[in-house]
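Here are the chains, one letter per residue:
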Amino acid sequence: MGRRGLLAWVLRLAILLVVLRLAMSVLSMLTCTLHFPNESLTLARVNRPTGKEGHRSMQEDRDEQHHNYVTSLKRQIAHLKDELQAHDQRLKNMHGPQSDSLAVGFEKGSPEETQTGLLEFLRSQVEKAEVRSGMKLPSEYAAVPFESFTLERVYQLEMGLTRHPEEKLIRQDKKDELAEVIRTAVETLNSPDDESNVSHHKYSNSDFIEGIYRTERDKGTLYELTFKGKQKHEFKRLALFRPFGPIITVKHEEINAVNVLINIIVPLAKRADKFQQFMHNFHRVCIQQDGRVHLTVVYFGKDQAQEVKTILENKAKSANFKNFTFIQLNEEFSRGKGLDVGARAWKGPNVLLFFCDVDIYFTAEFLNTCRLNAQPGKRVFYPVLFSQYNPSIVYGRRDAIPSVEQQVVIRKDTGFWRDFGFGMTCQYRSDFINIGGFDLHIKGWGGEDVQLYRKYLHSSLMVIRTPVRGLFHLWHEKRCPDELAPDQYKMCVQSRAVNEASHGQLGMLVFRRQIEAHLHKLKHKAGAKKP
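Positions within a chain are numbered from 1, following the residues in the order the chain's sequence is written. Whole-chain, interface and lining totals are the exception, using all residues; otherwise, since this is a predicted model, local features are given only for residues with pLDDT of at least 70 and side-chain atom pairs are given and counted only at 80 or more. Remark: hydrogens and water are excluded; side-chain values derive from all non-hydrogen atoms of the structure.

Novice: An account of the state of the cysteines is needed here, citing residue identities and associated values.
Specialist: The rule for a disulfide is simple: a pair of cysteine sulfur atoms within 2.5 Å. Using the criterion set out here, one finds one disulfide in the structure. One disulfide in the model links cysteine 370 with cysteine 426; its S-S distance is 2.2 Å. An S-S torsion of about -125 degrees defines the bridge between cysteine 370 and cysteine 426 as left-handed. Of the two residues, cysteine 370 is situated in helix H9 (residues 364-373) and cysteine 426 in strand E15 (residues 425-428); the sequence distance between them amounts to 56 residues. The burial state of cysteine 370 is the same as that of cysteine 426; both residues are buried. Considering cysteine sulfurs only, cysteine 356 is the nearest to cysteine 286, which forms no disulfide, with 8.7 Å between them. Burial classes follow relative accessibility: with a 1.4 Å probe on protein chains only, a residue under 20% of its type's maximum area counts as buried, one over 50% as exposed, and anything between as partly exposed. Relative accessible area serves as the criterion here: at 0%, cysteine 356 is assigned to the buried category. Secondary structure elements follow DSSP: runs of H or I no shorter than four residues count as helices, runs of E no shorter than two count as strands, and numbering proceeds from the N terminus.

As structure tokens, then:
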């Protein structure tokens, strides 16, 4: 403890000396700049011609003096940087390989970025931001969601009326920002971690899978990037932080997802036709492509129960799939109760849970995203799914509607990011049990997912909230019962409108008669002009 205290005191003293030296150097140069140029200019004015020629000569003198001042300042900063690097190297030699990794990323910056005092500021920004662990938040409105990106596209929540949920990297500032982040991550991966001559895998942009980022406006931007690993089902993930300055590598970890099993839990009542469609996608994605999934179906009531069970057993038999559980509850449907029962029914070791609904379509890529963004005791994943509009409105006619696989595209006219929904989530069973599970007093649909989400926000676990490109809510008709009170019925219709079509498409429906009347007038005028 005494040696550490002495080292800390020496470090503070060294930094203070460097700061004082830099301040004195800058003050000295400013003093020279303020006095000597004025004196020389005063003397020069006596024997210098006036007019345009004299003004041009004076300007050239000023430019030369400014150039010399900048060159001198850069030389001073470069010298200070060399001293800081030598000082940091001495600290590393004393502390060993466990010295602060933030200094490594800082040393790679330009001389201007390594001015004294900046390192401490950057460290404080990292400590204040939600980087290494979650922070307790007062409500769901305080959570800052992530946005996701690939090499070519960005998937964003805030669109307004002009941006799109999925966009190419056209804006130069965003393109340059993400290109720099990916380049920094690749350079970090390719940096040798030891002095040996053992050859390492050479990473490139083609190994990049996907990334997420979010900006805390008073701290900086956090980026998490996932790369392919050396073997199948192995990945590399890096966390980078831009504290409104140079990017700093704050985490570099190996992720092995080979043995990460996902228990998909689906609560259900009736809707056998939708379950048939769900199992079609489940067979293709989970059985044929992924192969590391368990399916738990919690069914409420007796109506269509045998039909649903038969669909499940037939599909499992044809595919030789044995990782499924069918639980039947003879009581009123409760989504929270179904998910809670499904999670607690698991008897094996700790497992990753994916709470799902029967009208959800997901890809194999999403299952890996689920594995990468949930860690027991550290983080839970709340993806923002893309919700479909009514295909009959999107494609115009029922006979023009393509297959489901062709419908699941991310466009402004086909759907929207369902950022107000918290029902689809990936979290480990241990975290779900420790947090207290669902509020089982809530019946029917809705409410239970928000309550669970708030529990995690109030905990120290990190909540990853980001739109994902492989998770879709398939459109289904929403009915508003006549027995609803007037205010409830109005809210139901408004909710139906949000899910029915885009702003532009609804506008076309509202003004359809006006448009038809306009076309009719044009046709009538064209006919009247003919001889």
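Novice: Can you tell me about the packing of aromatic side chains, naming the residues and giving the values?
Specialist: Pairing of aromatic rings covers Phe, Tyr and Trp, the last through its six-membered ring, and needs centres within 6.5 Å; plane angles under 30 degrees mean stacked, over 60 mean edge-to-face, and all others mean tilted. For the coordinates displayed, the defined rule picks out 24 aromatic pairs. Ring centres 6.2 Å apart and planes at 80 degrees place the aromatic pair phenylalanine 386 and phenylalanine 472 in the edge-to-face group. Of the two residues, phenylalanine 386 is situated in strand E13 (residues 379-388) and phenylalanine 472 in strand E16 (residues 462-473); the sequence distance between them amounts to 86 residues. Ring centres 4.3 Å apart and planes at 20 degrees place the aromatic pair phenylalanine 422 and tyrosine 453 in the stacked group. One end of the pair, phenylalanine 422, is in the loop between strand E14 (415-417) and E15; the other, tyrosine 453, is in helix H13 (residues 448-457), and 31 residues separate them in sequence. Taking relative accessible area as the criterion, phenylalanine 422 reaches 11% and is therefore assigned buried. A connected cluster of aromatic rings, assembled from ring pairs, spans Phe275, Phe278, Phe282, Phe321, Phe354, Phe362 and Phe366. Positioned above the aromatic ring of tyrosine 453, the side-chain terminus of arginine 465 is 5.8 Å from the ring centre. Comment: the charge-over-ring label is applied if NZ (Lys) or CZ (Arg) is within 6 Å of the ring centre and within 35 degrees of the ring normal.

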